[in-house]
Amino acid sequence: MKPKRHNNHILENESNKFFNNNLPLSWFVDKPENDYGIDYITNIVVNNEVTGLYFSVQLKAKETEQNKNSVNIQFKTSTLNFYKSRLEPVLLVAFVKEENQAYWVWFDELDLDESQLLNKESLYIKISRNNKLTETDWNLIIKKVQKNASIKFLIESFSKLNYENLEKNEIAAWKNYFDGNFNDAIFYFKRSLEENLSDNKPLILRGIAHSLYEMFNYNEALTFINKCIEMEASNDAYLTKACILAEQGISTFNKSKLL
């Protein structure tokens, strides 16, 4: 008798081919040596340039799905907790062989209650059928990853600060920023600049720009990120400006700003 391939292996192979075939042609994936819940690191390429932007993908496959509104996939709670610790966005993709289609959702956009992850070994995640992989607007994927990268670099810069030397308004500003209270964060950031005591002015200007960006005030956000770039023309500052311009371009249908 000749060896036979297990159906699960065939299904996994089909789902991998389907995912890769539906990515933009210039994008490429890396497969981690050890699978701890991440199947692919997907690298974004724009105008034939490797941007350094990437997101992780966990790919699941099913023969069929009876639910009309979603595809239900089981995950270990330890894996879901692992996703929470990732700095890059994690895309969950469910391939349904019978439909020859895959559906996706960003992990950080799932409405997961902390209590759901307690004292359970596994949990079913409902992936809506609204996001079909074959109909994906990849510009929106780029926008999502850009925004996340901007936040990531801001956090990395903040982590290098000498906390003992931060004055009260700056501490209040960062606390409100990381709590998502962007209006209050802007108030304290500006107070800190007015007092002229901080040695972290470029980072504070980025903090103001990013807070305004989160509040959809793109024009004023550009004013502050330009001031930041005048003082310190870092790659992180340029990335923040790129995110603001891209978002403004999308919201105003201005293709030149998006590009």
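Above this text sits the structure in question.
Let me sum up the structure you'll find in this document. None of the values given here were measured: they were computed from a predicted structure.

About the cut-offs
Residues numbered from 1 in each chain as written. Predicted model: local features only at pLDDT ≥ 70, side-chain atom pairs only at ≥ 80, totals over all residues. Heavy atoms only, no water. Helix = DSSP H or I, 4+ residues; strand = E, 2+ residues; numbered from the N terminus. Areas by Shrake-Rupley, 256 points an atom, 1.4 Å probe, with all protein chains shown as cover. Buried < 20%, exposed > 50% of the residue type's maximum accessible area, 1.4 Å probe, protein only. Contact = heavy atoms within 4.5 Å. Salt bridge = Lys/Arg side-chain N within 4 Å of Asp/Glu carboxyl O. Core = buried A, V, L, I, M, F, W, Y, C linked by side-chain atoms within 4.5 Å. Pairing = 2+ DSSP bridges. Axes fitted to C-alpha atoms, helices over the stretch in contact; angles between N-to-C directions.

**Points about the overall build of the chain**
Move 1: Each helix and strand in the chain was counted, giving 9 helices and 7 strands.
Move 2: Of the roughly 15,200 Å² of accessible surface on the chain, a fraction of 48% belongs to carbon and sulfur atoms.

**Looking at the environment of Thr51**
Move 1: Among the structural elements, Thr51 can be located in strand 3 (residues 49–62).
Move 2: Residue Thr51 is classed as partly exposed on the basis of its relative accessible area, which comes to 33%.
Move 3: The spatial distance from the C-alpha of Thr51 to the C-alpha of Gln146 is 9.9 Å, given a sequence separation of 95 residues.
Move 4: Residues in contact with Thr51, not counting those within four places in the same chain, are Ile44 and Val46.

**Topic: the pattern of salt bridges**
Any two side chains of opposite charge can pair, on the condition that their charged atoms come close.
Move 1: Counting across every chain of the model gives 6 salt bridges.
Move 2: A salt bridge links Glu65 to Lys62, with the shortest nitrogen-to-oxygen separation between them at 2.5 Å.
Move 3: By relative accessible area, which is 11% here, Glu65 ends up buried.
Move 4: Its salt-bridge partner being Lys190, residue Glu220 comes within 3.3 Å of it at the nearest N-O pair. Of this pair, Glu220 sits in helix 7 (residues 218–231) while Lys190 sits in helix 5 (residues 182–195), and the two are 30 residues apart along the sequence.
Move 5: Here the salt bridges do not stand alone but share partners, grouping Asp108, Glu109 and Lys144 into one network.

**A look at the nonpolar core**
Move 1: One finds Trp27 and Phe55 to be the most contacted residues of the largest nonpolar core, which totals 49 residues.
Move 2: Every residue in contact with Trp27, bar those within four places of it in the chain, is listed here: Thr42, Asn43, Ile44, Val45, Phe55, Trp138, Ile141 and Ile142.
Move 3: Judged by nonpolar contacts, the second largest core, of 19 residues, contains Ile38, Ala94, Phe107 and Ile125.

**Points about the sheet that holds strand 2 (residues 40–46)**
Within a sheet, each strand pairs with its neighbour through backbone hydrogen bonds, oriented either parallel or antiparallel.
Move 1: Pairing within the open sheet is mixed, and its 5 strands lie in the order 1-2-3-5-6. Each having just a single partner strand, strand 1 (28–30) and strand 6 (101–106) make up the two edges of the open sheet. With direction set aside, neighbouring strand axes in the sheet form an average angle of 35 degrees.
Move 2: Here strand 2 runs beside strand 3; their pairing, made up of 6 bridges, is antiparallel. In the sheet register, Ile41 faces strand 3, and the bridge partner there is Ser56.

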